[in-house]
Amino acid sequence: MKKLAIIGRPNVGKSSLFNRLLKQRDAITSEQAGTTRDVKKRVAVVVDKEVEILDTGGLDEGCELFDRIKEKSLKAAHEADIILFMVDGKSLPEEDDKKLFYELESMGKAIALVVNKIDNDKMQEKLWEYYEFGTDRIFGISVSHNRSVLPLLNWIASELPESSIVKPEAEIAEGDDLDGFDAALKASSDDEEFEDEEEDDSGFFIPEEDDEDEEETSIEELEEAYRGIVKEYEAGDVNQMKVAIIGRVNVGKSSLLNALLGEDRSVVSSVAGTTIDPIDETVEYQDKQITFIDTAGIRKRGKILGIEKYALMRTEEMLETADIALLVLDASQPFMDLDEKIAGFVDKNRLACLIVLNKWDMAPKEDYDKIIAEVRDRFKFLSYAPIVTISAQSKQRVHKIFDMLLKINENYSQRISTGKLNEVIQAAMRKHILPSINGMNIRLYFATQYDIRPPRIALIMNKPQGLHFSYRRYLTNQLREQFDFEGTPVLFKAKAKNQSRKPKTHKTRSMW
């Protein structure tokens, strides 16, 4: 696929054009110079052809951070097949812009001069001044007003090969059989019954109405009735994983991404909060696709200023779609309350997790047991997460992360058969029976795993409100002893028998 790089000085509208080409708000935009720092890559359809667009940081100098951003941007230009060099049409042509344009033009690639912020006809007259650049491929546009953008799109499409044409999706002809679609739609709506239950402050689930005199079904009929709620996944789905790298500022997240990829993909500097917009990169490892997402470092809320608010929002959005979190902690410094709050995002989004103790080469070696014990004490709610000690800068033990991610993904995606699941729960109930609630006997008919990533288990009961959070935790521990769930949470859903699913039959005893 051809690559198109958007290059230019800060605040000329590169990220706004990037979003316009994508037809969505992807890159963070602001009036603050240096908002874009890493190269952001996305595939877009321009006219009717696909192209990979690279949104780059502004070409500026003056400090360590800006020098690194410029270096990354010029590298992206070298990788690209098409270059859009953007300038601010509200100002006069600058000699530095001409030098940069000539430098890019000398690469021998298809290049156009894009003069942005030509917001009206009067501004159009200023466009003539830019012919000093010595090129006839000049496009005066206004990204914010979507003015005169079409000629630019047509030129980009003309530079793309015919092989990149996107085929239109097949349309459903009138009269086609939609029974399969309707059935799938109905099945998906049935699944929502498991997602919409409320949970009160006491930790009890609010049940559906449960009639004491209800007619019961056999275990075989119950299992068959609930077979339809089990969500199926394609093999390719479990072979792909999104891994979010999270942590507070300056713990080494971007350095870790670069070490994992084996290249300087993300800008690294001593400036706290270098990463603003989350970036992602996909690699293949043992036939698995791993997409690493480098997220913005998180500060205390009172210290989050300006565009960092948008960065935090983007980080939270990324975590909603991630599968596994690499929680990066700085082993060379005392852990902070903020580390625990960031770890709370992992728990909130029900993510699998690997705790990464970075900068281990700077940590006191004699305190290994003490540091590990403190991690376990501070992050009790992530007790399922394994720990790895690394140095992203020296790449010490970074290679171990790949194999650990594959193992975690396997556990995160595993499905336990109903028979084995019920054997373990039956044995657990023999050790500690379900306590009664207000004199009512609590019966558990059977258990079934209805989803993976993470594993979700439904407990079909006569009184779902009788499943106290402490007993749920006990069952979780019993399952972890019997099955390998390292790295992944295990979720229980207490569920009353769905009366609409039950055929009328004779009364039977509960399973246990």
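First, a word on what this report is: a plain description of the structure on this page. (Residues numbered from 1 in each chain as written. Predicted model: local features only at pLDDT ≥ 70, side-chain atom pairs only at ≥ 80, totals over all residues. Heavy atoms only, no water.)

### Comments concerning the pairing of strand 1 (residues 3–8)
Along any regular strand, the residues point their side chains to alternate faces of the sheet. The buried count for strand 1 comes to five of six residues, which makes it a mostly enclosed element. Of the strand pairs in this sheet, strand 1 and strand 3 (residues 49–55) are connected by four bridges, and their pairing is parallel. The residue bridging Lys3 from the neighbouring strand is Glu52, located in strand 3. Summarising the sheet, strand 1 and strand 4 (residues 82–88) pair through five bridges and their orientation is parallel. (Buried < 20%, exposed > 50% of the residue type's maximum accessible area, 1.4 Å probe, protein only. Helix = DSSP H or I, 4+ residues; strand = E, 2+ residues; numbered from the N terminus. Pairing = 2+ DSSP bridges.)

### Considerations on the packing of aromatic side chains
To describe a pair of aromatic rings, one takes the distance between the centres and the angle between the planes. Tallied over the full model, the rule gives 11 aromatic pairs. An angle of 65° between the planes, with centres 6.2 Å apart, marks the rings of Phe101 and Tyr102 as edge-to-face. On the basis of relative accessibility, which here comes to 0%, the residue Phe101 falls in the buried class. Exposure remark for Tyr102: the relative accessible area of 37% places this residue in the partly exposed category. Considering the side-chain rings of Tyr471 and Tyr474, the 5.3 Å spacing of their centres and the 55° angle between planes classify their relative orientation as tilted. Placement of the pair is Tyr471 and Tyr474 together in helix 15 (residues 469–482), with a separation of three residues, close to one helical turn. Here a set of aromatic residues connected by ring pairs shows up, and it is made of Phe85, Phe101, Tyr102, Tyr130 and Phe133. (Phe/Tyr/Trp six-rings, centres within 6.5 Å; stacked < 30°, edge-to-face > 60°.)

### Notes on unusual backbone geometry
For the peptide bond that leads from Arg453 to Pro454, omega is 0°, which places it in the cis range. Turning to its location among the elements, Pro454 is positioned in the loop between strand 13 (444–451) and strand 14 (456–461). One non-glycine residue, Lys117, lies in positive phi territory at about 70°. Since its relative accessible area comes to 22%, Lys117 is described here as partly exposed. In this structure, Arg397 is a non-glycine residue whose phi angle is positive, near 60°. For Arg397, a relative accessible area of 24% translates into the label partly exposed.

### Describing the pairing of strand 10 (residues 324–330)
Burial runs high along strand 10: seven of the seven residues are buried. Side chains Ile324, Leu326, Val328 and Asp330 project from strand 10 onto one buried face, and the interleaved Ala325, Leu327 and Leu329 project onto a second face that is buried too. Pairing of strand 7 (residues 240–246) with strand 10 involves four bridges; the strand directions are parallel. The residue of strand 10 that forms the bridge with Ala244 is Ala325. For the crossover that starts at strand 10, traverses helix 11 (residues 337–348) and ends in the parallel strand 11 (residues 352–358), the hand is right-handed. (Right-handed = clockwise from strand over helix to strand, strands pointing away.)

### A short note on the pattern of salt bridges
Scanning the model with the defined rule gives 18 salt bridges in all. With a shortest N-O distance of 3.4 Å, Asp330 and Lys359 are connected by a salt bridge. Taken together, the residues Asp330 in strand 10 and Lys359 in the loop between strand 11 and helix 12 (368–378) connect sequence positions 29 residues apart. Classification of Lys359 as partly exposed rests on a relative accessible area of 21%. Between Arg456 and Asp451 there is a salt bridge; the shortest N-O distance is 3.9 Å. Taking the relative accessible area as the measure of exposure, Arg456 reaches 21% and is therefore partly exposed. For Asp451, a relative accessible area of 6% translates into the label buried. Among the charged side chains, a salt-bridge network with shared partners connects Asp337, Glu340, Glu374 and Arg378. (Salt bridge = Lys/Arg side-chain N within 4 Å of Asp/Glu carboxyl O.)

### Looking at the nonpolar core
Counting residues in hydrophobic clusters, the biggest one holds 29 residues, and the most contacted among them are Leu256, Phe292, Leu326 and Ile401. Going through the elements one at a time, strand 7, helix 9 (253–261), strand 8 (279–285), strand 9 (288–294), strand 10, strand 11 and helix 13 (400–412) are the ones with two or more residues in this core. If one sorts the elements of this core by residue count, helix 13 sits on top with six residues. The residues contacting Leu326, other than those within four sequence positions of it, are Val243, Ala244, Ile245, Ile246, Leu256, Leu260, Phe292, Leu354, Val356, Ile401 and Leu405. By size, the runner-up hydrophobic cluster in this structure holds 28 residues, among which are Ala331, Cys353, Ile371 and Ala385. (Core = buried A, V, L, I, M, F, W, Y, C linked by side-chain atoms within 4.5 Å. Contact = heavy atoms within 4.5 Å.)

### Some details on helix 15
For helix 15, with 14 residues, the first-to-last C-alpha span of 20 Å sits near the 20 Å given by 1.5 Å per residue. Those residues of helix 15 that sit buried are Tyr471, Arg472, Tyr474, Leu475, Thr476, Gln478 and Leu479. Buried residues belonging to helix 15 abut helix 14 (418–431), strand 14 and strand 15 (491–496). (Expected span 1.5 Å × (residues − 1).)

### Section: the sheet that holds strand 15
One open sheet holds the three strands; their spatial order is 13-14-15, and the pairing between them is mixed. What marks the edges here is a single partner per strand, and that holds for strand 13 and strand 15. Across the sheet, the axes of successive neighbouring strands diverge by a mean angle of 25°, strand direction being ignored. Direction of pairing for strand 14 relative to strand 15: parallel, over a ladder of six bridges. (Axes fitted to C-alpha atoms, helices over the stretch in contact; angles between N-to-C directions.)

### Looking at the sheet that holds strand 3
Spatial strand order, 2-3-1-4-5-6: six strands in an open sheet with mixed pairing. A single partner strand is all that each edge strand has here, and the edge strands are strand 2 (40–46) and strand 6 (138–140). The average angle at which neighbouring strand axes cross in this sheet is 25°, direction not considered. In terms of strand pairing, strand 2 meets strand 3 through seven bridges, oriented antiparallel. Across the sheet, residue Ala44 finds its bridge partner in strand 3, namely Val51. Sheet strands touched by helix 1 (residues 14–22): strand 1, strand 2, strand 3 and strand 4. Its angle to strand 2, the strand with the most contacts, is close to 45°.

### Some remarks on helix 3 (residues 95–105)
Listing the buried residues of helix 3 in full gives Asp97, Lys98, Leu100, Phe101 and Leu104. Projected down its long axis, helix 3 carries its buried residues within an arc of 165°, all on one side. (Arc of directions from axis to C-beta.)

### Description of the environment of Tyr285
With respect to the helices and strands, Tyr285 occurs in strand 8. Assessed through its relative accessible area of 23%, Tyr285 is described here as partly exposed. With 121 residues separating them in the primary sequence, Tyr285 and Leu406 have C-alpha atoms 8.8 Å apart. Dropping the residues within four chain positions of it, Tyr285 is found in contact with Ile290, Phe402, Asp403 and Leu406. There is a polar contact of 2.7 Å between the side chain of Tyr285 and the side chain of Asp403. (Polar contact = N/O pair within 3.5 Å; in protein donor to acceptor, adjacent residues only side chain to side chain.)

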